[in-house]
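Letter by letter, the chains look like this.
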Amino acid sequence: MNARNSIAIVGGGASGVILTAHLLRRPDPNLRVTVIEKRDEFGRGRAYSTDLPDHQLNVRALGMSAYADQPEHFWRWLQKKGFAKDNPDFFAPRSLYGTYLDELLRDLAEQERSTGRLHLVNAECTTVSPTASGVEIQLTSGASIIARLGVLAVGHDEAPAPAQYFAIRSGSVEDTPIDPEARVLILGTGLSMVDTWQTLQHRGHRGEVIAVSRRGLLPSPHRQGKPIRLDSADVPLGTSLSYFVRWFRDLVRLTESQGGNWRDVVDGLRPYNQTIWQNWSTKDKRRFLERTKAWWDIHRHRMPPEMHARISRAVSSGRLVLLAGRVLRARKQDAAYVIDVQARAPNVETSFEVTRVYDCTGIVKDVSEGSINVIRSLTDRGVARSDPLRIGLDVTPFCAVISADGAVADKLFAVGPLTRGAFFEIDAIPDIRVQCDRLAARLTS
């Protein structure tokens, strides 16, 4: 590989594929991009590896293009493949989106076959080490890949939080078959809980499913709306969290009084979400995560209407029980767990026995203690560090990795969910593709 113009991307899920696509739009004939992915297929990752049709995207097809300047790219692909006809508001199965990304990368590889600008590697990365001229990426096979620049695009950590040792992730190797009549507990009531519940139903599970979170709230459904128009001068940047929340609520009341909907405000604010986050103090960011994030999530990260209706029917019938509270302790009892929960209202402690506990709480509390080996290797050696909130790697606004001693890397970068500490709103494709476009321009300039 030509080290002077080479970029190695660790992770071939959504973030890695989209970054690759943006890099290869650059005309540099000497550019060399290597994508390293431990799975057999590219573009899948955790989010898009499901094969259940009920696991739908939470963004309409027109919002899921890999390219921000070609908003119909994914929608046209769906039409070409015969998966959709005349409805651009279609919420496609997530498995189709994984196929779209995999095919996008394979097409790029075919286009670049004669140029040699793209190289795909199915292998697991163990370490990334800065060198005098770039980075060295070691694989489990013992082989190494040398590049001028390295980008970490490993996506979400799939391991439960250490404090929830009694819980497993849906779809993991520990997710073995259980009695269909068994009682199941799900930690979290957000979109991951919805996925897990649908997986259980697909397997024919008939037993009671209890989902517990601090507020016990479901994500809201998508509805057609008209996002309000906001100028950056309209948004109170740099103010405290409490001031911002008051401003936001007042804006919702004003919009509703004029015939609008709270969705119009949430969606109108979206272009400024990252800037709002970056202008808060670390103290206010922490307060947001502890006190406000759950409320924000149910309004910001919404469900397709038909999915919401299905879940609501399950709640009404008692097949799914939503419980506002927190788990106090878990005790192993034969082949089951006894779970003690402090209910929110009324403020009483309750206990129940469950056969299986699923962790759907979302963000890993500390990436330096997570299950992604290459990230742990970087933080253990001080090449990288957790951000102040410990929800991602510490990076600059330009995605450069920051080391344990505060030095900014000039050869190692990160994209996607790994950078949530700096960007927060960086889990959804519309945000990831903008970030990747900007980083691609920076790395090839």
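The preceding data block contains the structure.
Described in the following lines is the structure provided in the data block. The numbering scheme is per chain: residues are counted from 1 as the chain's sequence reads. Given that this is a predicted model, residues contribute local features only at a pLDDT of at least 70 and side-chain atom pairs are listed and counted only at 80 or more, while totals for whole chains, interfaces and linings are drawn from all residues. With hydrogens and water set aside, each side-chain value is computed from the structure's full complement of heavy atoms.

A few points about helix α5 (residues 241-257)
Consideration 1: The terminal C-alpha atoms of α5, which comprises 17 residues, lie 24 Å apart, in line with the 24 Å expected from a rise of 1.5 Å per residue.
Consideration 2: Contacts: residue pairs with any heavy atoms within 4.5 Å of one another. The secondary structure listing takes helices from DSSP runs of H or I that are at least 4 residues long and strands from runs of E that are at least 2 residues long, numbered from the N terminus. Buried residues along α5 sit in contact with α6 (262-269), α7 (273-279) and α8 (282-300).
Consideration 3: Among the residues trailing α5, Gly259 stands out with phi positive, at a value near 90 degrees. The span one expects for a helix is its residue count, reduced by one, times 1.5 Å.

Some points on the pairing of strand β12 (residues 349-354)
Consideration 1: Only strands that DSSP links by at least two bridges are regarded as paired with each other. Note that strand β11 (residues 336-343) and β12 share 6 bridges and pair antiparallel. Following the sheet pairing, Gln342 is matched in β12 by Glu349.
Consideration 2: Here β11 hands over to β12 after 5 residues, the two strands then running antiparallel side by side.

Let's talk about the pattern of salt bridges
Consideration 1: One speaks of a salt bridge when a side-chain nitrogen belonging to Lys or Arg is within 4 Å of a carboxyl oxygen belonging to Asp or Glu. In total, this model carries 29 salt bridges according to the counting rule given.
Consideration 2: Across the salt bridge formed by Asp284 and Arg287, the nearest N and O atoms sit 3.4 Å from each other. Here Asp284 and its partner Arg287 are both found in helix α8, 3 residues apart, which amounts to about one turn of the helix.
Consideration 3: Accessibility expressed as a relative area gives 9% for Asp284, which makes it buried.
Consideration 4: On the basis of relative accessibility, which here comes to 25%, the residue Arg287 falls in the partly exposed class.
Consideration 5: Arg329 is the partner of Glu349 in a salt bridge, and the nearest nitrogen-oxygen pair spans 2.9 Å. Remark: Arg329 occurs in strand β10 (residues 320-333) and Glu349 occurs in strand β12; sequence separation between them is 20 residues.
Consideration 6: In this structure, a network of salt bridges that share partners links the residues Arg270, Arg300, Glu425 and Asp431. Think of it in three bands: with a 1.4 Å probe and only protein chains considered, a residue is buried below 20% of the maximum accessible area for its type, exposed above 50%, and partly exposed in between.

Let's talk about the side chain of His299
Consideration 1: For His299, the position within the fold is in helix α8.
Consideration 2: In this structure the side chain of His299 is engaged in a polar contact, spanning 2.8 Å, whose partner is the backbone oxygen of Trp295.
Consideration 3: Beyond its immediate stretch of four places on either side in the chain, His299 contacts Ser220, Trp262 and Val266. Throughout this description, a polar contact denotes any pair of N or O atoms lying within 3.5 Å of each other; where both atoms belong to protein, one of them has to be capable of donating a hydrogen while the other can accept it, and for residues adjacent in sequence the pair is counted only when both atoms sit in side chains.

Here we look at the sheet that holds strand β8 (residues 184-187)
Consideration 1: Strand order in the open sheet formed by 6 strands is β12-β11-β10-β9-β8-β13, with mixed pairing between adjacent strands. Because the sheet does not close on itself, it has two edges, and the strands there are β12 and β13 (356-359). In this sheet, neighbouring strand axes are inclined to one another by 40 degrees on average, regardless of whether the strands run parallel or antiparallel.
Consideration 2: Here β10 pairs with β11 via 8 bridges, running antiparallel. In the strand pairing of β11, Lys332 is matched with Tyr337.
Consideration 3: Axes here refer to lines fitted to C-alpha atoms; in helices the fit is confined to the stretch in contact. Angles between the N-to-C directions go from 0 to 180 degrees. On the sheet, helix α4 (residues 191-202) packs against β8, β9 (209-213), β10 and β13 and is oriented at approximately 160 degrees with respect to β8.

Thoughts on the side chain of Glu425
Consideration 1: Looking at the secondary structure, you find Glu425 in the loop between α11 (420-423) and α12 (429-443).
Consideration 2: Overall, the relative accessible area of 5% leaves Glu425 in the buried class.
Consideration 3: At a separation of 3.1 Å, a polar atom in the side chain of Glu425 contacts the side chain of Trp296.
Consideration 4: Apart from the residues lying within four places of it in its own chain, the contact partners of Glu425 are Asn273, Gln274, Trp296, Arg300, His301 and Asp431.

A closer look at the packing of aromatic side chains
Consideration 1: Two aromatic rings from Phe, Tyr or Trp, using only the six-membered ring of Trp, form a pair when their centres are within 6.5 Å; if the ring planes differ by under 30 degrees the pair is stacked, by over 60 it is edge-to-face, and anything between is tilted. Going through the model one piece at a time under the given rule, you end up with 18 aromatic pairs.
Consideration 2: Here Trp77 and Tyr100 contribute two aromatic rings whose centre-to-centre distance is 5.6 Å and whose plane-to-plane angle is 65 degrees, an arrangement assigned as edge-to-face. Note that Trp77 is positioned in helix α2 (residues 73-81) and Tyr100 in helix α3 (residues 94-111), a separation of 23 residues in sequence.
Consideration 3: The class of Trp77 is buried, set by a relative accessible area of 9%.
Consideration 4: The buried category is assigned to Tyr100, whose relative accessible area is 2%.

Description of the environment of Gly318
Consideration 1: Here Gly318 is to be found in the loop between α9 (305-317) and β10.
Consideration 2: By relative accessible area, which is 36% here, Gly318 ends up partly exposed.
Consideration 3: Remark: the alpha-carbon pair of Gly318 and Gln79, spanning 239 residues in sequence, is separated by 39 Å.

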